[in-house]
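Residues per chain are reported as follows:
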Amino acid sequence: MSTTFDYEKLKLFYIGKEKINESDFTPLVYKNKDLTTHAAIIGMTGSGKTGLGISLLEEAAIDNIPSIIIDPKGDMGNLLLTFPNLNGSDFEPWIEEQDAINNGLSVSELALKTAQSWENGLEADFQSQERIQKLKDSADFTIYTPGSNAGVQISILSSFKAPSIEVLEDNELLVSLINSTVSSILSLIDEKDDSSSKEFILISTVFMNSYSNQKDLSLEELISFIVTPAFSKVGIFDLETFFPQNERLKLALKLNTIIANPSFKSWIEGQPLDISNLMYDENGKAKVSIFSIAHLNDSQRMFFVSLLLNQMVSWMRRQEGTTSLKALLYMDEIFGYFPPNANPPSKQPMLTLLKQARSFGVGIILSTQNPVDIDYKGLANIGTWFIGRLQTKQDKEKVIDGLSSAVEGKIDKNEIENLLSNLEKRTFIMKNINEDGIKVFQTRWALSYLKGPITKEQIKFLMANKKLSSSAIKEENPTSKQKVEIANKQNSLKPLIPNILEQKYLYSSQKDSYYLQAYLLCKCSLHFADSVKNIDLTSELNYGYYLQKDALNINYEEFEEIPNLNSFETKERLNSNYYETPIFIQNEKELKQIQKDFTDYVYRNSKLSLFKNEALKIVSKQNENLMDFKIRIQDRLNERVDEEIENLQIKFKKTNDSIEDKLNKLFDKKEKEQLQATSTTTDTIIAIGTSLLGAFFGKSTTASTLGKMASSAKGATRILKERSDVKYVENDIEQLLIQKDELQKTLEYEISKINEENKISNFQIEEIFIKPKRTDIYNIKLELLWKEE
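Every value quoted in this text rests on a predicted model; they were computed, and no experiment measured them.

Draft legend 1. Just the nonpolar core, in detail. Ranked by internal contacts, the top residues of the largest apolar core, which has 148 residues, are Phe160, Phe207, Leu222 and Phe386. With 11 residues, helix α13 (residues 298-317) is the largest single contributor of residues to this core. Look past the residues within four positions of Leu222 in its chain and what remains in contact with it is Phe160, Ile185, Ile203, Val206, Phe207, Leu217 and Leu255. By size, the runner-up hydrophobic cluster in this structure holds 36 residues, among which are Leu501, Leu541, Ile777 and Leu782.

Draft legend 2. Looking closely at the packing of aromatic side chains. Per the counting criterion, the structure on display carries 26 aromatic pairs. Relative to Phe303, the ring of Trp267 has its centre 6.3 Å away and its plane inclined at 65 degrees; by these criteria the two rings are edge-to-face. On the criterion of sequence distance, the pair formed by Trp267 in helix α12 (residues 265-268) and Phe303 in helix α13 is long-range, its members being 36 residues apart. Assigned by exposure class, Trp267 and Phe303 land together as buried. Aromatic rings pair up to connect Tyr543, Tyr545, Tyr556, Phe559, Phe598 and Tyr601 into one cluster. We note Lys198 situated over the ring of Phe243; from NZ or CZ to the ring centre the distance is 5.1 Å.

Draft legend 3. Representation of the environment of Pro84. Following the sequence through the fold, Pro84 ends up in the loop between β4 (67-71) and α2 (88-91). When its relative accessible area of 15% is taken as the criterion, Pro84 is described as buried. Dropping the residues within four chain positions of it, Pro84 is found in contact with Gln129, Ile132, Gln133 and Lys136.

Draft legend 4. Main features of the sheet that holds strand β23 (residues 618-619). Here three strands make up an open sheet; going across it, the order is β23-β22-β24 and the pairing antiparallel. Both edges of this open sheet fall to β23 and β24 (766-770), since each of them pairs with a single strand only.

Draft legend 5. Region of interest: unusual backbone geometry. For Gln214, which is not a glycine, the phi torsion comes out positive at approximately 55 degrees. With respect to the helices, strands and loops of the structure, Gln214 is situated in the loop between α8 (198-212) and α9 (219-227). Of note in this structure, Arg426 is not a glycine but carries a positive phi near 65 degrees. Residue placement: Arg426 occurs in the loop between α16 (413-421) and β14 (427-432).

Draft legend 6. Spatial organisation of the pattern of salt bridges. Enumeration according to the criterion identifies 39 salt bridges in this entry. The salt bridge partner of Arg444 is Glu58, with a shortest N-O separation of 2.9 Å. Pair noted here: Arg444 is in the loop between β15 (438-443) and α17 (456-462) and Glu58 is in helix α1 (residues 49-62), with a separation of 386 residues, a long-range link. Glu58 sits in the buried class, given a relative accessible area of 0%.

Draft legend 7. Highlighting helix α14 (residues 347-356). In terms of burial, α14 is largely enclosed, as seven of its 10 residues are buried. Among all positions in α14, only Lys347, Pro349, Met350, Leu351, Thr352, Leu353 and Leu354 are buried. Next to the buried residues of α14 lie α7 (171-188), α13, β11 (327-331) and β12 (362-368).

Draft legend 8. Seen up close, the sheet that holds strand β2 (residues 25-31). Spatially, 11 strands are ordered β2-β1-β15-β14-β13-β3-β12-β11-β4-β10-β5 in an open sheet, and the strand pairing comes out mixed. Among the strands making up the open sheet, the edge pair consists of β2 and β5 (139-144). Neighbour-to-neighbour, the strand axes of the sheet open up by a mean angle of 25 degrees, direction not taken into account. In the sheet, strand β1 (residues 12-19) pairs with β2 via seven bridges, with the strands oriented antiparallel. In the strand pairing of β2, Lys17 is matched with Pro27. With respect to the sheet, α13 is in contact with β4, β10 (286-292), β11 and β12, its orientation differing from that of β4 by roughly 165 degrees.

Reading guide: rules and limits
- Residues numbered from 1 in each chain as written.
- Predicted model: local features only at pLDDT ≥ 70, side-chain atom pairs only at ≥ 80, totals over all residues.
- Heavy atoms only, no water.
- Core = buried A, V, L, I, M, F, W, Y, C linked by side-chain atoms within 4.5 Å.
- Buried < 20%, exposed > 50% of the residue type's maximum accessible area, 1.4 Å probe, protein only.
- Helix = DSSP H or I, 4+ residues; strand = E, 2+ residues; numbered from the N terminus.
- Contact = heavy atoms within 4.5 Å.
- Phe/Tyr/Trp six-rings, centres within 6.5 Å; stacked < 30°, edge-to-face > 60°.
- Lys NZ or Arg CZ within 6 Å of the ring centre and 35° of its normal.
- Pairing = 2+ DSSP bridges.
- Salt bridge = Lys/Arg side-chain N within 4 Å of Asp/Glu carboxyl O.
- Axes fitted to C-alpha atoms, helices over the stretch in contact; angles between N-to-C directions.

Structure below.
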């Protein structure tokens with residue numbers, strides 16, 4: 001029989017070893033689909049909690065399941081410390097000099113010793129070092145550092161992205177998302193987080209006004225709207241009565257201190273916080289995105305976590321439902337973010353995810369060493385509990401009460417208490433609502449090197465190549481605006497503009513004098529319709545054209561999108577100075593021709609891009625980008641894989657059950673007759689095969705059955721009884737074990753074939769287009785925007 005096992009081929013996570021008697025263990029495997037009912041890892045410092053969490057994330061990465069990881073302590077960067085060759089030199093840069101001194105060794109000697117212990121640990125846990133290479137190759141690992149340039153930068157404050165249409169149509173969810181965002185913003189400036197305060201209500205109204213119009217909101221725009229909102233009433237009161245302007249200005253100035261801070265730059269630079277882009281790379285490889293926030297202060301951490309969770313909710317609601325595990329959200333320390341008696345900004349979106357994520361195939365894993373400070377009512381949605389060593393009696397009682405409520409009292413509290421009192425390091429109790437009973441297991445050896453918290457300097461070293469590639473400058477063809485000299489001759493007087501051209505103003509700050517550059521705004525409504533593809537989409541085009549003073553016409557290709565029209569003023573401020581405009585902008589006849597030419601340009605160049613996969617008969621939705629469409633295809637393929645594997649389970653279950661029944665009878669016979677005979681197998685191999693196939697067929701083999709198999713095989717001695725019935729029993733056992741091994745190999749081959757056939761790279765995505773009719777272009781209008789330069 002083979003002694004190597006590809007757990008992932010059976011869609012199983014290998015997480016540890018279950019004890020079946022005093023001296024024997026069997027691998028504990030866990031169906032990855034069970035994580036759609038979420039999991040909690042609870043244990044004191046030193047319990048092995050981080051190792052278990054990293055093992056789960058390693059298994060997900062090998063299974064091509066993306067993970068988004070919130071890392072408040074800095075431990076999860078260990079996922080990047082993977083050394084397939086297990087050479088001492090690989091470990092050496094990560095060995096602390098003080099640890100070497102404490103062990104009476106040099107750094108290189110301790111590194112060599114660590115490498116050897118990793119090799120031994122993997123081998124003892126039924127793993128080969130080839131699994132390390134498999135992990136390294138299976139996923140794309142990135143450490144993001146919001147508010148810092150140590151890792152890959154992520155743009156947080158550049159824009160509060162408007163939620164998906166699915167969230168906008170759910171008023172309760174929309175209000176919850178806005179409340180959480182506003183609470184986190186107020187916490188940044190040490191304002192009281194009170195939903196009845198006028199500060200909270202005003203900012204919430206600004207967000208609701210923008211989001212209802214499907215407009216993103218930048219921090220600069222938020223500050224501007226606090227001083228001059230796009231609404232005149234709050235409730236039944238006029239704005240000035242509810243919140244006078246001088247008080248609004250004070251609030252705006254507090255928020256402005258965020259922008260004024262030199263560190264603000266690091267909060268707006270980098271990749272946008274877009275969940276879709278954190279799932280897979282362009283080749284369909286799963287991403288493991290680690291958000292390291294150990295360097296932030298408490299209010300900044302709360303702000304970031306709340307924002308990320310809100311984005312996760314919005315992304316999730318945009319997805320189709322699925323029964324397969326699509327992605328994981330892992331939080332390494334939930335303490336302070338999900339308390340029982342308070343409502344920090346992070347609590348509501350986390351509760352929403354726990355209640356709703358299962359339907360969308362998103363698994364949540366929460367880890368903590370502080371069981372007293374968790375809202376266990378919220379954790380009633382957790383399906384798997386991993387409980388390690390706990391420090392106090394209060395901790396144990398709290399966990400037992402929480403576990404009892406989560407599994408509707410179907411546990412023996414005394415049994416749990418006795419188990420908790422005797423747990424060793426790296427040993428956990430597992431209660432999975434998808435299985436009967438409680439299991440006690442020792443966590444498997446991690447494939448990654450668990451060195452402890454990763455420092456900012458170490459993150460910088462690990463992410464050096466990624467930062468280099470993300471900061472590569474792309475050459476672009478310069479626009480006519482970029483070619484213009486900044487020293488455009490200025491004219492303090494406003495030029496004469498025809499009355500048909502309405503004028504707007506965009507000021508960026510309060511000053512003694514302003515210098516305004518002219519832009520021509522070309523606006524229209526555009527309708528796309530296709531009843532067969534279920535498309536009925538109306539969009540607004542707002543294009544701005546830089547008006548160079550000596551230009552002879554408009555180049556319609558060189559436009560800037562103008563997204564936030566609500567921030568324009570209709571009256572000029574005192575001391576406004578104006579740059580010169582081209583002559584044609586002052587001619588009413590030429591303006592009418594520009595309007596006609598713009599309409600022709602829109603008709604010729606506008607098209608709605610859709611994506612299609614013919615094999616799966618899937619066409620993208622009208623608001624769906626390519627990455628979201630790929631994720632939807634991946635979901636469909638995952639469901640196909642699950643369905644075909646379930647068919648395999650049905651097909652081979654009878655064969656497996658028959659083999660197991662015959663083996664049980666033969667071992668019973670062997671025990672009764674007290675036979676002693678040599679065996680070509682070992683107890684370990686018997687246990688592994690039985691454990692894996694039992695888990696695959698949804699039939700959890702009991703510890704007593706495994707123990708009986710192990711002890712019977714182990715009872716062999718070299719003093720043989722040459723009775724014929726002994727040989728018959730041995731031969732029958734051997735033949736059945738060979739059949740079991742062949743069954744496993746058959747399953748692995750069939751599942752590999754299923755996975756290969758359902759790779760997303762096998763399914764071509766083509767781009768299709770819907771063109772508008774001329775009658776679908778309407779509300780065409782030209783305006784002149786004077787923008788402060």
